[in-house]
Amino acid sequence: MQSTPNLEQFVPDEVTKLAYQGFQEGKKVFGFLHKQISDRLTNTVVPEQGSKSTPLSPEVFEKLQVRLKSLEEKDWKDAKNGVYPNSLLFDNPWSDFFRYYPELCLDMVKIWGRLQKKEYQKFDDKIDRVGYPDYYLQNFHYQTDGYLSDMSANLYDLQVEILFNGAADAMRRRILAPLKQGLGAFAALPPQQIKVLDVACGTGRTLRMLRGTLPKASLFGTDLSPAYLRKANQMLSEISGELPQLLQSNAESLPYLDNYFHGLTSVFLFHELPAPARQAVINEAFRVLQPGGVLVICDSIQATDSPDFAEMMNNFPAIFHEPYYRHYTTDNLEDRLTEAGFINLQVENHFVSKYWTAYKPVV
Ligand SMILES: C[S@@+](CC[C@H](N)C(=O)[O-])C[C@H]1O[C@@H](n2cnc3c(N)ncnc32)[C@H](O)[C@@H]1O
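Please read these numbers as outputs of a predicted model, since none were measured by experiment.

Brief notes about the overall build of the chain
Each helix and strand in the chain was counted, giving 13 helices and 7 strands. In terms of overall size, the chain behaves like a compact globule, its C-alpha atoms giving a radius of gyration of 20 Å where 363 residues would be expected to give roughly 21 Å. The C-alpha extent of the chain, read off along each of the three principal axes, is 60 × 50 × 40 Å. For the chain, with 363 residues in total, the buried portion stands at 38%. In the chain, 74% of the contacts between residues at least 6 apart in sequence involve partners at least 24 apart.

Set out below in structure tokens:
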């Protein structure tokens, strides 16, 4: 069999870095312009929407730019140091972006309709809503059909990239170094025996990164949304390596044995859960992790992290439908992790995200 040449080794680091910076800049400009135009249109059609948020000061914008640059620098360094391959820096669902961008724009008309009628729990009649927790049946971000349609799943990655000005994947990748470090405790095992679960895997962006970082590991993903899991299956089938095992399940009650996984990740889930569900998910993570196993959570920054960004944090649930975000920003996840039994907690901030790494004690 012919092997694929590794082109990365022929490209100088400086060129790769410039290409990466250009790629990020392009996504940033695109996200910024899209938001400028869509916000203006929204505020024209639904004028009260404009008065719900406070404009950010130039100083806050400046601070955000500095933090974004620092995130990109760390992302680049981790790739350069081999935590993950350079190719992950450029991984982007281009065909979906081009294919679904027009639908994303057309969907704005439906969003305006829901905003005008203040309908935040509206689903197409064909969507089966039986069996989901009440807190989940929401049009989070005003998205059409919440998480419960194929169209929502098709638009999601593009929507998130626009929301974070192209930094969503760079923020997700911040979980990889602490995860890899935590899995070092199991270095004596063959890599195929390492089991990692991504809880609330959505369309599979984090699982793609995990596959790139841990090419031999057994990967698992769970989510409540059948449509998002279908999309994840499609996106993950495109890449080489064993297909992660995907299961529909509530993160509050994972269908796995006790002490099963060596590593567990969860990205952008906790701000969409009410407080008791946050604790239940952390307790489940503790139960299914092996002693010595590592949990890495990524979610939004919180109120105590960056008082400078208080307005931005207030704006988020005011502009988007995010019913549990306000409580999340004041919730002490360190206490919740400790209550569940986790130890050796490490907490970091990158750009507008926060990361918790925690370990299940070895008994
Ligand atoms: C903001 S998205 C994040 C998706 C993905 N982790 C990412 O990085 O894009 C939140 C995800 O959590 C899922 N979700 C919300 N509540 C859940 C629960 N109780 N159990 C499992 N999945 C849940 C949603 O279906 C959705 O896919």
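Considerations on the packing of helix H4 (residues 94–117) against helix H5 (residues 150–163)
Helices that pack against each other are described as a pair by the angle of their axes relative to one another and the distance between those axes. One can describe the packing of H4 onto H5 by two numbers: an axis separation of 9 Å at closest approach and a directional angle of 105 degrees. The angle between H4 and H5 falls in the class roughly perpendicular. Contacts from Asp96, Phe97, Tyr100, Tyr101, Glu103, Leu104 and Asp107 of H4 reach H5 at Met151, Asn154, Leu155, Asp157, Leu158 and Gln159. Across the contact of H4 with H5, the residue classes break down as 7 nonpolar, 2 polar and 4 charged.

Section: the sheet that holds strand S1 (residues 195–199)
Read across the sheet, 7 strands follow the order S3-S2-S1-S4-S5-S7-S6 without closing on themselves; strand pairing throughout is mixed. With partners counted over all chains shown, the strands left at the sheet margins are strand S3 (245–248) and strand S6 (343–350), one partner each. The mean angle between the axes of side-by-side strands here comes to 15 degrees, regardless of whether they run parallel or antiparallel. As defined by bridge partners, S1 adjoins strand S2 (residues 218–223) across 5 bridges and the pair is classed as parallel. What sits directly across from Val196, in S2, is Leu219.

Section: the site of the ligand
Lining the immediate environment of the ligand, one finds 21 residues, of which Ala200, Gly202, Ser225, Ala251 and Val267 sit closest. A domain split of the shell around the ligand shows at least three residues from each of domain 2 (94–163) and domain 3 (170–359).

As for the pairing of S6
Where S6 lies against strand S7 (residues 353–359), 6 bridges are found, and the strand directions are antiparallel. Residue pairing across strands places His350 opposite Ser353, the latter belonging to S7. Between S6 and S7, which pair antiparallel in sequence order, lie 2 residues; one of them, Phe351, sits at a positive phi of approximately 50 degrees.

Regarding helix H3 (residues 58–80)
Compared with an ideal rise of 1.5 Å per residue, which puts 23 residues at 33 Å, H3 spans 33 Å between its outermost C-alpha atoms and is within 8% of the ideal. Taken together, the buried positions of H3 are occupied by Leu68, Leu71, Glu72, Asp75, Asp78 and Ala79. Elements that come into contact with the buried residues of H3 comprise helix H1 (13–45), helix H6 (168–172), helix H7 (176–183) and S6. Once H3 finishes, Gly82 follows within two positions and takes phi at roughly 85 degrees, a positive value.

Some remarks on H7
For H7, a buried count of 6 out of 8 residues is recorded, marking the element as mostly surrounded by other parts of the structure. Buried residues of H7: Leu176, Ala177, Pro178, Leu179, Gly182 and Leu183, and no others. Where H7 is buried, its residues meet H3, helix H8 (205–213), strand S4 (261–267), strand S5 (289–300), S6 and S7.

Comments concerning unusual backbone geometry
Although it is not a glycine, Asp145 adopts a positive phi angle of roughly 65 degrees. One non-glycine residue, Phe268, lies in the positive phi region at around 60 degrees. Within the secondary structure, Phe268 is located in the loop between S4 and helix H10 (275–288). A residue is classified by how many C-beta atoms lie within 10 Å of it, and Phe268, with 20 of them, is buried.

Overview of the domain arrangement of the chain
Partitioning the chain into structural domains gives domain 1 (9–90), domain 2 (94–163) and domain 3 (170–359). Summarising the inter-unit geometry, the C-alpha centres of domain 1 and domain 2 are found 23 Å apart. In terms of residues, the side of domain 1 that touches domain 2 owes the most to one element, H1, which gives 8 residues. Split into classes, the residues belonging to the side of domain 1 that touches domain 2 amount to 3 nonpolar, 5 polar and 2 charged.

A closer look at the pairing of S2
The side chains of a regular strand alternate, residue by residue, between the two faces of the sheet. S2 sits mainly inside the fold: 5 of its 6 residues count as buried. As for the winding sense of the linkage, the β-α-β connection from S1 through H8 to S2 is right-handed. The pairing of S2 with S3 spans 4 bridges and is classified as parallel. Across the sheet, Phe220 pairs through a bridge with Gln245, a residue of S3. Of the crossover connections in this fold, the one passing from S2 over helix H9 (residues 226–237) to the parallel S3 is right-handed.

A closer look at the packing of H10 against helix H13 (residues 333–340)
For the pair H10 and H13, the least separation of the axes is 9 Å and the interaxial angle reads 45 degrees. On the basis of their axis angle, the class for H10 and H13 is oblique. Viewed along their axes, H10 and H13 form a crossing whose handedness is right-handed. Along the contact surface, H10 presents Arg278, Gln279, Ile282, Asn283 and Phe286, while H13 presents Arg336, Leu337 and Ala340.

Rules behind the numbers
- Residues numbered from 1 in each chain as written.
- Predicted model: local features only at pLDDT ≥ 70, side-chain atom pairs only at ≥ 80, totals over all residues.
- Helix = DSSP H or I, 4+ residues; strand = E, 2+ residues; numbered from the N terminus.
- Rg over C-alpha atoms; globule rule 2.2 N^0.38 Å.
- Buried ≥ 20, exposed ≤ 12 C-beta atoms within 10 Å, placed from the backbone.
- Contact = placed C-beta atoms within 7 Å.
- Axes fitted to C-alpha atoms, helices over the stretch in contact; angles between N-to-C directions.
- Parallel < 35°, antiparallel > 145°, perpendicular 65-115°, else oblique.
- Nonpolar A, V, L, I, M, F, W, Y, C, P; charged D, E, K, R; others polar.
- Pairing = 2+ DSSP bridges.
- Near = placed C-beta within 6 Å.
- Domains from an automatic or database assignment.
- Expected span 1.5 Å × (residues − 1).
- Right-handed = clockwise from strand over helix to strand, strands pointing away.
- Left-handed = near helix turned anticlockwise from the far one by under 90°.

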